[in-house]
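Next come the chains, spelled out residue by residue.
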Amino acid sequence: MGIFAHPDDETLCAGGTLAKYASAGAEVRVISLTKGGAGQIRDASAATRATLRAVREKELDAAGKELGLTETRCLDYPDGGLSEIDSQILVKLASELLSEIDPDVVITFGPDGFSGHPDHIAVGAAVTAACYERRSATSIRLFHCHPPRSRSQCTGIKS
């Protein structure tokens, strides 16, 4: 299971890893806490400010199909505002998602948020805290995404 802030985070941060395990038969789910409505619009023919959330949600669905994922889901928390939500609310949300899906493995952002983005940092901290809370009851394994240190590094995922 991957829990990220925005649609496209899953592909950038862990797409190859998610696809590898999905192709091996694992049930792989990705949840984005936002629909990515505050993102940049680089191509005016692809989306407008009014359609961006729907476009990005469809893109996550399409990426999930390409990666072979079991499920993708966009929640409707404020893009660009996750760091302003009380951290305990985000931890509770992450705990509820973990309880619902009961994954063996969770991938999210590390303390640096992969890119320093405040939404990424907030999600990574909440998911990490929720996983640590569950460790006494389950054998959940947590992995953090990190940018590659060099061009030759194959993966950005660390346990």
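Please read all numbers here as calculations on a predicted model, not as lab measurements. (Residues numbered from 1 in each chain as written. Predicted model: local features only at pLDDT ≥ 70, side-chain atom pairs only at ≥ 80, totals over all residues. Heavy atoms only, no water.)

Caption draft 1: View of the overall build of the chain. From N to C terminus, the chain includes five helices and six strands. Scanning the chain from its N terminus toward the C terminus, one meets helices and strands in the order β-α-β-α-β-α-β-α-α-β-β. In terms of C-alpha radius of gyration, the chain reaches 15 Å, essentially the compact-globule figure of 15 Å for 159 residues. For the chain, the spread of C-alpha atoms along the three principal axes comes to 50 × 35 × 30 Å. (Helix = DSSP H or I, 4+ residues; strand = E, 2+ residues; numbered from the N terminus. Rg over C-alpha atoms; globule rule 2.2 N^0.38 Å.)

Caption draft 2: Just helix H2 (residues 52–67), in detail. Here H2 spans 22 Å end to end across 16 residues, near enough to the 22 Å set by a 1.5 Å rise per residue. Among all positions of H2, only Leu52, Arg56, Leu60, Ala63, Gly64 and Leu67 are buried. All buried residues of H2 lie within an arc of 115 degrees about the axis, which places them on one face of the element. Residues of H2 that are exposed and point over 90 degrees away from its buried face: Lys58 and Lys65. Just past H2, the residue Gly68 takes up positive phi, approximately 80 degrees. (Expected span 1.5 Å × (residues − 1). Buried < 20%, exposed > 50% of the residue type's maximum accessible area, 1.4 Å probe, protein only. Arc of directions from axis to C-beta.)

Caption draft 3: Spotlight on the environment of Leu82. With respect to the element layout, Leu82 can be found in the loop between strand E3 (71–77) and helix H3 (87–101). A relative accessible area of 0% places Leu82 in the buried class. Excluding residues within four positions of it along the chain, Leu82 makes contact with Ala5, Leu33, Thr34, Tyr77, Leu90, Asp119, Ala122 and Val123. (Contact = heavy atoms within 4.5 Å.)

Caption draft 4: Layout of the pattern of salt bridges. Enumeration over the complete set of coordinates arrives at 10 salt bridges. The closest approach of N and O atoms between Lys35 and Glu57, which form a salt bridge, is 3.5 Å. Here Glu57 lies in helix H2 and Lys35 lies in the loop between strand E2 (29–34) and H2, a separation of 22 residues in the sequence. Among the residues examined, Glu57 registers a relative accessible area of 30% and is labelled partly exposed. Measuring nitrogen to oxygen at the nearest pair gives 3.2 Å for the salt bridge that ties Arg134 to Asp102. Placement of Arg134 in helix H5 (residues 118–134) and of Asp102 in the loop between H3 and strand E4 (105–109) is noted, with a sequence separation of 32 residues between them. Since its relative accessible area comes to 47%, Asp102 is described here as partly exposed. Counted as one network, the salt bridges with shared partners bring together Glu27, Arg29, Glu71, Arg73 and Glu100. (Salt bridge = Lys/Arg side-chain N within 4 Å of Asp/Glu carboxyl O.)

Caption draft 5: Just the state of the cysteines, in detail. Across all of its chains, the model carries zero disulfides by this definition. Here Cys13 is not disulfide-linked; the sulfur of Cys145 is the nearest cysteine sulfur, at 4.4 Å. Residue Cys13 is classed as buried on the basis of its relative accessible area of 6%. In this structure Cys131 is a free cysteine whose sulfur lies 12 Å from that of Cys145, the closest cysteine sulfur available. (Disulfide = S-S within 2.5 Å.)

Caption draft 6: Local environment of the pairing of E3. Judged from the five bridges that link them, E2 and E3 form a sheet pairing that is parallel. Directly across from Ile31, in E3, lies its bridge partner Arg73. Viewed along the sheet, the connection from E2 through H2 into E3 turns out right-handed. (Pairing = 2+ DSSP bridges. Right-handed = clockwise from strand over helix to strand, strands pointing away.)

Caption draft 7: Highlighting the packing of aromatic side chains. Enumeration over the complete set of coordinates arrives at one aromatic pair. Across from the ring centre of Tyr132, 4.5 Å away, lies the NZ or CZ of Arg135, which sits over that ring. (Phe/Tyr/Trp six-rings, centres within 6.5 Å; stacked < 30°, edge-to-face > 60°. Lys NZ or Arg CZ within 6 Å of the ring centre and 35° of its normal.)

Caption draft 8: View of the packing of H3 against H5. Two numbers describe how H3 lies on H5: the axes approach to 8 Å, and their chain directions differ by 55 degrees. Taken as axis vectors, H3 and H5 run oblique relative to one another. Note on packing geometry: the crossing formed by H3 with H5 is right-handed. In this structure, H3 contributes Leu90, Val91, Ala94, Ser95, Leu98 and Ser99 to the contact, and H5 contributes Ala122, Ala126, Val127, Ala129, Ala130, Cys131, Glu133 and Arg134. Class assignment for the residues of the contact of H3 with H5 results in 10 nonpolar, two polar and two charged. (Axes fitted to C-alpha atoms, helices over the stretch in contact; angles between N-to-C directions. Parallel < 35°, antiparallel > 145°, perpendicular 65-115°, else oblique. Left-handed = near helix turned anticlockwise from the far one by under 90°. Nonpolar A, V, L, I, M, F, W, Y, C, P; charged D, E, K, R; others polar.)

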